[in-house]
Every structure is written in structure tokens, then in C-alpha cells.
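So you can see what is in the structure, the chains are spelled out below.
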Amino acid sequence: MSGSSNSTSNKMNVPEARAAMEQFKYEVANEIGVPLKKGYNGDLTSAQNGYVGGYMVKKMIEAQERAMAGKTQG
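Here is what the cut-offs are and how they apply
Residues numbered from 1 in each chain as written. Predicted model: local features only at pLDDT ≥ 70, side-chain atom pairs only at ≥ 80, totals over all residues. Heavy atoms only, no water. Helix = DSSP H or I, 4+ residues; strand = E, 2+ residues; numbered from the N terminus. Expected span 1.5 Å × (residues − 1). Buried < 20%, exposed > 50% of the residue type's maximum accessible area, 1.4 Å probe, protein only. Contact = heavy atoms within 4.5 Å. 1 Å grid on protein atoms, 1.4 Å probe; cavity = no way out; pocket = protein on both sides within 12 Å on 5 of 7 lines; lining within 4 Å. Points joined across faces, edges and corners; volume = space filled by probe spheres on them. Nonpolar A, V, L, I, M, F, W, Y, C, P; charged D, E, K, R; others polar.

(A) Local environment of helix H2 (residues 18-32). If you check H2, its first and last C-alpha atoms are 21 Å apart, about what 15 residues at 1.5 Å a residue would give, namely 21 Å. Residues of H2 that are buried: Phe24, Tyr26, Val28, Ala29 and Ile32. For H2, the elements touching its buried residues are helix H3 (46-69). In the segment just after H2, Gly33 is the residue with positive phi, at about 85 degrees.

(B) Spotlight on the layout of surface pockets. In this model, the largest pocket occupies a volume close to 420 Å³. What lines the largest pocket is a set of 14 residues, among which Asn10, Met21, Glu22, Lys25 and Met56 lie closest to the centre. For the lining of the largest pocket, the secondary-structure elements that each account for two or more residues are H2 and H3. The greatest single-element share of the lining of the largest pocket, amounting to 5 residues, is contributed by H3. Each residue belonging to the lining of the largest pocket can be placed in one class, and the counts come to 6 nonpolar, 4 polar and 4 charged.

Set out below in C-alpha cells:
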């Protein structure tokens, strides 16, 4: 059952953002010192890969919080 769910786990909600998200992933990896490269990355540990994904989420949440803080409630 879990194997079949992986086929949709990388589906983008906004397909137009794919290139920007890919670039963001490499920027984050570089920022935190994970040697992510285009192509095969099987030499990285799951912890390294998870750290990149987790840090991406953290940065996106921070950006959204900043955007929300700048808006007035009406």
C-alpha cells in the first residue's frame, strides 16, 4: 500500500512553480552544507535529504509568516 502512494507524493499543486522549487532546493542544500547535485544523489544519507526538505519547509513557513504579518486584517 505505501509503495503506491509514493507515485503521487511529488505532485506539484502549482506545476508552474516546479523550476523555482528545484532551484530553491539546491539553494537550501548549499546553504546548509549538503552536497546535493543534479542527477544521482544516492550517496547522500536519508538524514541529509530530510534536512534539506525540512529546512525548505521552515523557510517557506517563515516567508509566509512575514507576508501575513505585513497584511492588515479587515
